[in-house]
Amino acid sequence: AQSVTQLGSHVSVSEGALVLLRCNYSSSVPPYLFWYVQYPNQGLQLLLKYTSAATLVKGINGFEAEFKKSETSFHLTKPSAHMSDAAEYFCAVSGGTGANSKLTFGKGITLSVRP
Amino acid sequence: DVKVTQSSRYLVKRTGEKVFLECVQDMDHENMFWYRQDPGLGLRLIYFSYDVKMKEKGDIPEGYSVSREKKERFSLILESASTNQTSMYLCATSAWGQGVSYEQYFGPGTRLTVT
């Protein structure tokens, strides 16, 4: 069984500040891990994914995430927040095996960016 | 690019009506999913399908059914709509096979209001 924990429901940062969104996972098999972003009234868009290659993964819009197996974490970071980063962010895990592999999503974190 | 379309962006229906939500994808993906999204609850899987005419229940299938007669099309049916089914409904697809990482691609969502 897989699970994802995203602590807190809301993060607020100033424009230009570091963005750090935390994600911890549980998986009985080596996981595939994903971060998605959702802008208001839109579907989810893939930001980046970890698939057992490099542990530091770079995604779109300047985001990156580091897979730390010992900490079962996959935190999302961006060095300098922009107003356009305000959105909801979801972490997800897949067991990555079998024809029916599903994603398990965290509850999401809303990121606000203050001018 | 994967394109996933949903039949309506906004829908208003009356209690007791039969409601059809349709999802179409153009990337020949085997897997298709229906989620509902509610504030504070994240994404919850309703049903998924890994092949034509195949379906499996997700976490919250009660009150819903699905149909997949063609590979590119996956329909969600609310047999008798109720006010507690007012929600955002998201369709997603993913590929299956050797070397894929099962990331899901989402449609824009349908915001359903049942009055």
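This text goes with the structure placed above it.
Residues numbered from 1 in each chain as written. Chains lettered and ligands numbered in written order. Predicted model: local features only at pLDDT ≥ 70, side-chain atom pairs only at ≥ 80, totals over all residues. Heavy atoms only, no water.

(A) Representation of the overall build of chain B. Within chain B one finds 0 helices and 11 strands. Secondary structure elements of chain B, listed N to C terminal, follow the sequence β-β-β-β-β-β-β-β-β-β-β. A globule of 115 residues ought to have a C-alpha radius of gyration of about 13 Å, and chain B, at 14 Å, matches this closely. In terms of principal-axis extent, the alpha carbons of chain B reach across some 45 × 30 × 25 Å. Split into buried and exposed, the 115 residues of chain B put 48% on the buried side. If you take every contact in chain B between residues at least 6 apart in sequence, the share linking residues at least 24 apart comes to 56%. When the accessible surface of chain B is split by element, carbon and sulfur atoms take 49% of a total near 5,600 Å². Where the 15 positive side-chain charges of chain B centre and where its 15 negative ones centre are 7 Å apart. (Helix = DSSP H or I, 4+ residues; strand = E, 2+ residues; numbered from the N terminus. Rg over C-alpha atoms; globule rule 2.2 N^0.38 Å. Buried < 20%, exposed > 50% of the residue type's maximum accessible area, 1.4 Å probe, protein only. Contact = heavy atoms within 4.5 Å. Areas by Shrake-Rupley, 256 points an atom, 1.4 Å probe, with all protein chains shown as cover. Lys, Arg positive; Asp, Glu negative; His and termini not counted. Charge placed at Lys NZ, Arg CZ, Asp CG, Glu CD.)

(B) Spatial organisation of the sheet that holds strand β8 (residues 73–78) of chain B. Residue and element names in this part refer to chain B. Read across the sheet, 4 strands follow the order β1-β3-β8-β7 without closing on themselves; strand pairing throughout is antiparallel. For this open sheet the edge positions go to β1 (4–6) and β7 (64–70), each flanked by a neighbour on one side alone. Adjacent strand axes in the sheet meet at a mean angle of 20°, parallel and antiparallel pairs treated alike. (Pairing = 2+ DSSP bridges. Axes fitted to C-alpha atoms, helices over the stretch in contact; angles between N-to-C directions.)

(C) Representation of the side chain of B:S94 in the model. Considering the arrangement of structural elements, one finds B:S94 in strand β9 (residues 87–94). Contact partners of B:S94, with chain neighbours within four places excluded, come to B:H29, B:E30, B:N31, B:F33, B:Y102, B:E103 and B:Q104.

(D) Inspection of the side chain of B:S75 at higher detail. Residue and element names in this part refer to chain B. Locating S75 in the fold gives a position in strand β8. Its relative accessible area of 13% is what places S75 among the buried residues. Not counting the four nearest positions on each side in its chain, S75 is found in contact with L21, E22, W34, S65, V66 and S67.

(E) Fine view of the interface of chain B and chain A. With 26 residues of chain B in contact, the opposing surface of chain A contributes 25 residues. For the pair chain B and chain A, the summed buried area comes to about 1,900 Å², and 55% of that belongs to carbon and sulfur atoms. At the boundary of chain B with chain A, the tally comes to 1 salt bridge. Remark: the boundary between chain B and chain A carries 6 residue pairs in polar contact (both at pLDDT 80 or more). When residues in the side of chain B that touches chain A are grouped by element, the largest group, 5 residues, is from strand β5 (residues 42–51) of chain B. Residue composition of the side of chain B that touches chain A, grouped by class: 15 nonpolar, 7 polar and 4 charged. (Buried area = accessible area lost by both parts, 1.4 Å probe. Salt bridge = Lys/Arg side-chain N within 4 Å of Asp/Glu carboxyl O. Polar contact = N/O pair within 3.5 Å; in protein donor to acceptor, adjacent residues only side chain to side chain. Nonpolar A, V, L, I, M, F, W, Y, C, P; charged D, E, K, R; others polar.)

(F) Here's a closer look at the state of the cysteines. All names here are of chain B. Throughout the structure, instances matching the rule amount to 2 disulfides over all chains. Here C23 pairs with C91 through a disulfide, and the sulfurs are 1.9 Å apart. One disulfide, between C23 and C91, carries an S-S torsion of -75° and so falls in the left-handed class. In this pair, C23 sits in strand β3 (residues 19–25) while C91 sits in strand β9, placing the two residues 68 residues apart along the sequence. In this structure, C23 and C91 share a single accessibility class: buried. (Disulfide = S-S within 2.5 Å.)

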